[in-house]
Structure formats: structure tokens, C-alpha cells
Amino acid sequence: MLYHIFYNLSGYFSPFNVFQYITFRAGGAVLTSLVICFLAGPYVVRKLRNMKVGQHIRSDGPSTHQSKSGTPTMGGVLILLSIVVSALLWTRLDNRFILWLISGTLWLGFIGFWDDYIKLKRKDPNGLSAKGKLFGQTFFAVSFAAYLSFFPANPEYATLVNIPYLKSVFVDLSFFYFVFVMIIVVGSSNAVNLTDGLDGLAAGCIVIAAFTLALFAYFAGHFQIANYLKIVPVSGAGEITVFLLAVVGAGLGFLWYNAHPAEVFMGDTGSLFLGGVLGMTAVSIKQELILVLIGGVFVIEALSVLIQVSVYKRTKKRFFKMAPLHHHFEVLGLSETKVTIRFWIIAIILAILSFASLKLR
């Protein structure tokens, strides 16, 4: 919005030209979402506490988590508000990727909100049925994949998927690229949701992943840089950087209240759309497979649940002490804070390794 207002006035006041720069608006976006979280956070936490929307802790979870019962959840509303307001102010609203990211944020955020609402209203930790949640996620993912089928991020590489660390090595998925996009969006949404189990864990990892993808988006949207780094250039992808920096600011602001001991949990209201944003971004900038590395913590958490369920169905024995993986380490005796910080460190290492892929080509 600010771009459309001030850049058009740059002919009358030249300093307004600064609004054409992605880096300037990205800086404005991160600060805006951060400030919104700081200012609105106390009110939101207090309002949720007064509404008695406290988290119901699963009985089969770690015993140390029982003390968290009653902590306000649905804090994802604060993250969503911060991101959307910041994005509306600082992004170019005529950019197709931005419109899809905002739509995905609102759609998946609503599904998460409805899931949290059912949990609280019925006092049932299961919330919305797995089929209902999956249907809502899949519906959006199908819509997004269908759009990219007709209007690819880069028509020359429409159904091609780059193999990270290898120069100009692509796999053509043809029709299956449609399904591939669906899996990425739905999978990343659920992976972040599964990771949101410790104070600050999901929020911290989201900040790291979003910042990393923001740089990839900037590179992809800059033709000269993309050509130099041998990555797929995508017209308009640079604008995604502004949106993702809004995510970074909101994530940092939310961590202020979500750090151990948490004053509020993000709930599915936040985790579902945040994961979806990561998946949509990776597809939009044609860096689909590098997301597995950038979001490695989320991938490992999701795999731990799949492994646990699969092994238990076959052998009636547990592969991990408890799933997702962060609970396994808690049961082994590590403190919640130590597990969270170690997972953050792993996320940072994976981010560094993902950047290495830009030169090892």
C-alpha cells in the first residue's frame, strides 16, 4: 500500500523513490510486524486469558507439561495480524505471489483458528477431525497448484525441479508436479504444526527458515544474481522477501511472549499457516527441494511421528520414547529449554548448509 502511495508521488518528491527498493520495504516490514507484536501482545494475551482459552495438555504427553495447562493458546492470531498488516503496508499488492501468500495465510489461519476453537469449546485436545483439517489444507493446495499449472513461476522451468548442489541438474515431473506442489504445501503446513510442542521451538525455527528463504527469494527475483548463482530466475519473486521479513518480525515479536515459560501458545491458528507460507514460498521461487534442508527441523519432527506410528502399528512397540522427536529428548531427561535451543542451533546449521548450495554448483 505504501509503495503504491509514495512511489507514485516520487515525481513530486524524489526521496519517495526509496519505496521502489525491496530492501527498504523489507526493513520496514520486519520492524512493523515486530512493533505490532510488542504493542498488541499484552492486550492479546490478556484477552485470551480472560476468555479462558487455555491449552488442554494431552494426558499422554510429558509429565512436566501438565503445569502448562490453562496457558492461553490461539496466540497465532497475534502473528497473523502482525504479518497481514505489515504485508498490506509494505508489499506491492499487484504482485501475484504476494496475493497468494496473503490468501494462504488467511485460509490456513482460519482452519487453524477453527481447530483451536473446537478444542477449547469442547475441551477436546483433538480439535477438528484429521480429515476435516486435511480437506481444508488440500483444497487450498490444489487451488495453488492449479494456478501454477496455468501460470508457472518460470514457464521455462514449469515442471522442472532442481537438485540442490548440482549445477543445471533438473528432474522433469511433468503432470506429477501438480501433486508435488500439493504435497509440499500440505506437508510443510502439518510439519510446523507437529513441531509446535515446546515453548519457542516452532517460532524460533520459523524465524530462521523464513529469513533464509527470504534471501533465496531476493536472489531468485534479481536476474543478475540468479544468473551468477545458477538458480532459476523468477520475475517478481523478490517481493516475497518483503512478506517473509514480516514473518521474521512477527516471529521474533511472538517469541517475546512464547519463550519459556510461555505466556501464550501459537496453537494451530499460527502453525498451520506459517508452515503453508514456507511451502508456498519454496514452490514460488523454484527452490522446492532445498526446503527439505532449510526446514530440516520440521521435516525430522514430521518423520519421527510417521516412523513412530508405522513401527507401532506393525510391532506394537515404540521406536521413540515419545513422538514428535522433541518429546523423545524430554523423556530422556533433557530440559525443555535445552531441547529448544539445540533445535534452534540445528536449524541455523541447516540454513548455513542451504546457502552453501548456492556456490557448490
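Check the entry above for the structure.
To start, this report covers the structure provided alongside it. Treat the numbers as computed from the prediction; the structure is a model and nothing was measured.

1. Here we look at the side chain of Asp-199
Then, in step 1: As for its placement among the helices and strands, Asp-199 is situated in the loop between helix 6 (176-195) and helix 7 (201-221).
Then, in step 2: Reaching out from Asp-199, the side chain makes a polar contact with the side chain of His-260 at a distance of 2.8 Å.

2. Some remarks on the pattern of salt bridges
Any two side chains of opposite charge can pair, so long as their charged atoms come close to each other.
Then, in step 1: Counted under the stated rule, the structure contains five salt bridges.
Then, in step 2: Asp-94 is the partner of Arg-92 in a salt bridge, and the nearest nitrogen-oxygen pair spans 2.9 Å.
Then, in step 3: Counted as one network, the salt bridges with shared partners bring together Asp-115, Lys-133 and Asp-268.

3. Focus: unusual backbone geometry
Then, in step 1: With an omega of -5 degrees, the peptide bond between His-260 and Pro-261 qualifies as cis.
Then, in step 2: Take Pro-261: it is sitting in the loop between helix 9 (239-258) and helix 10 (267-284).
Then, in step 3: Between Ala-323 and Pro-324 the backbone carries a cis peptide bond, its omega angle lying at 0 degrees.
Then, in step 4: In the Ramachandran plot, Met-74 falls in the positive-phi region, its phi being about 65 degrees despite a non-glycine side chain.
Then, in step 5: Along the chain, the position of Met-74 falls in the loop between helix 2 (22-50) and helix 3 (76-90).
Then, in step 6: Met-74 sits in the buried class, given a relative accessible area of 6%.
Then, in step 7: The phi dihedral of Lys-286 is positive, around 60 degrees, even though this residue is not glycine.

Procedures and definitions
- Residues numbered from 1 in each chain as written.
- Predicted model: local features only at pLDDT ≥ 70, side-chain atom pairs only at ≥ 80, totals over all residues.
- Heavy atoms only, no water.
- Helix = DSSP H or I, 4+ residues; strand = E, 2+ residues; numbered from the N terminus.
- Polar contact = N/O pair within 3.5 Å; in protein donor to acceptor, adjacent residues only side chain to side chain.
- Salt bridge = Lys/Arg side-chain N within 4 Å of Asp/Glu carboxyl O.
- Buried < 20%, exposed > 50% of the residue type's maximum accessible area, 1.4 Å probe, protein only.

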